[in-house]
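Here are the chains, one letter per residue:
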Amino acid sequence: MEWINSSIASLKDLLAFLYKKSKTNDVHKKQVIIELRDNLNVFKNGFLNQSPYDRMIDLLSREAVRVAIRENFNFKKLRSGNIRASTIYEERNKKYAGWTAERLVDKIDEKIVELKNIKKMNRDSVENARNNISLMMSNLYFRMKLLAEFIQSGK
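If you're wondering where the values come from, they're calculated on a predicted model, not measured in any experiment.

Draft legend 1. Structural context of the nonpolar core. In terms of nonpolar packing, the biggest core is built from 49 residues, with Leu40, Phe43, Leu78 and Ile133 touching the most fellow members. Looking at this core, the elements with two or more residues in it are helix 1 (8-21), helix 2 (27-48), helix 3 (53-59), helix 4 (63-70), helix 5 (101-121) and helix 6 (133-152). Among the elements that line this core, the one with the most residues is helix 6, at 12 residues. Apart from residues no more than four positions distant in its own chain, Leu78 is found in contact with Lys29, Val32, Ile33, Phe73, Ala101, Val105 and Ile151.

Written out as structure tokens, the structure reads:
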């Protein structure tokens, strides 16, 4: 999990921002932002405590997104518009320029489901999975971080 090391410092400010942003009367928006914050905290604490990927995957949540989708929540309420290249700090995320919050949330949700399914298909552990779990986890982390930064850029 060394890939997260360089972004831990900026993550603290981002988590504080998400805490403040979750103070809203829109129930679904609040729940999705809290879930994003909590999932980013899973990565931060998993890195600090050198937790195994299996434990982290178990702790990742997508319930708020599922409920929001079921209730036809408009994800533009998180942040309208498209992600501009100037707001993307990690080179690996440049390919998401032009994406909307809704599209990015969908990709994040898809990756969480995929990781949980891979774990289930491999006797409840990703330790011996043939997939590159480290890469999948880092991609998920940087997508979630990008979503938080995109929301923050629209203060």
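Next comes the rest of the account.
Draft legend 2. Seen up close, the packing of aromatic side chains. Under the defined criterion, the tally for this structure stands at 4 aromatic pairs. Ring geometry for Tyr96 versus Trp99: centroids 4.7 Å apart, planes at 80 degrees, classification edge-to-face. Considering the side-chain rings of Tyr141 and Phe142, the 4.9 Å spacing of their centres and the 75 degrees angle between planes classify their relative orientation as edge-to-face. Judged on exposure class, the residue Tyr141 and its partner Phe142 are both buried. Here the aromatic cluster, defined as three or more aromatic residues joined through ring pairs, consists of Phe43, Tyr141 and Phe142. Its end group placed over the ring of Trp99, Arg103 keeps NZ or CZ at 3.8 Å from the ring centre.

Draft legend 3. Layout of the side chain of Ser22. Following the sequence through the fold, Ser22 ends up in the loop between helix 1 and helix 2. A distance of 2.7 Å separates a polar atom in the side chain of Ser22 from the backbone oxygen of Tyr19. Ignoring anything within four residues of it in the chain, the contact list for Ser22 reads Lys30, Ile33, Ile34 and Arg37.

Draft legend 4. Representation of the pattern of salt bridges in the model. Scanning the model with the defined rule gives 10 salt bridges in all. The partner of Lys145 in a salt bridge is Glu90, and the shortest N-O contact between them spans 3.2 Å. Of this pair, Lys145 sits in helix 6 while Glu90 is found in the loop between helix 4 and helix 5, placing the two residues 55 residues apart along the sequence. As far as burial versus exposure is concerned, Lys145 and Glu90 are alike and both buried. Lys107 is the partner of Glu110 in a salt bridge, and the nearest nitrogen-oxygen pair spans 3.5 Å. Here Glu110 pairs with Lys107, and both are found in helix 5, just 3 residues apart, close to one helical turn. Residue classification places Glu110 among the partly exposed residues on the basis of a relative accessible area of 40%.

The rules behind the values
Residues numbered from 1 in each chain as written. Predicted model: local features only at pLDDT ≥ 70, side-chain atom pairs only at ≥ 80, totals over all residues. Heavy atoms only, no water. Core = buried A, V, L, I, M, F, W, Y, C linked by side-chain atoms within 4.5 Å. Buried < 20%, exposed > 50% of the residue type's maximum accessible area, 1.4 Å probe, protein only. Helix = DSSP H or I, 4+ residues; strand = E, 2+ residues; numbered from the N terminus. Contact = heavy atoms within 4.5 Å. Phe/Tyr/Trp six-rings, centres within 6.5 Å; stacked < 30°, edge-to-face > 60°. Lys NZ or Arg CZ within 6 Å of the ring centre and 35° of its normal. Polar contact = N/O pair within 3.5 Å; in protein donor to acceptor, adjacent residues only side chain to side chain. Salt bridge = Lys/Arg side-chain N within 4 Å of Asp/Glu carboxyl O.

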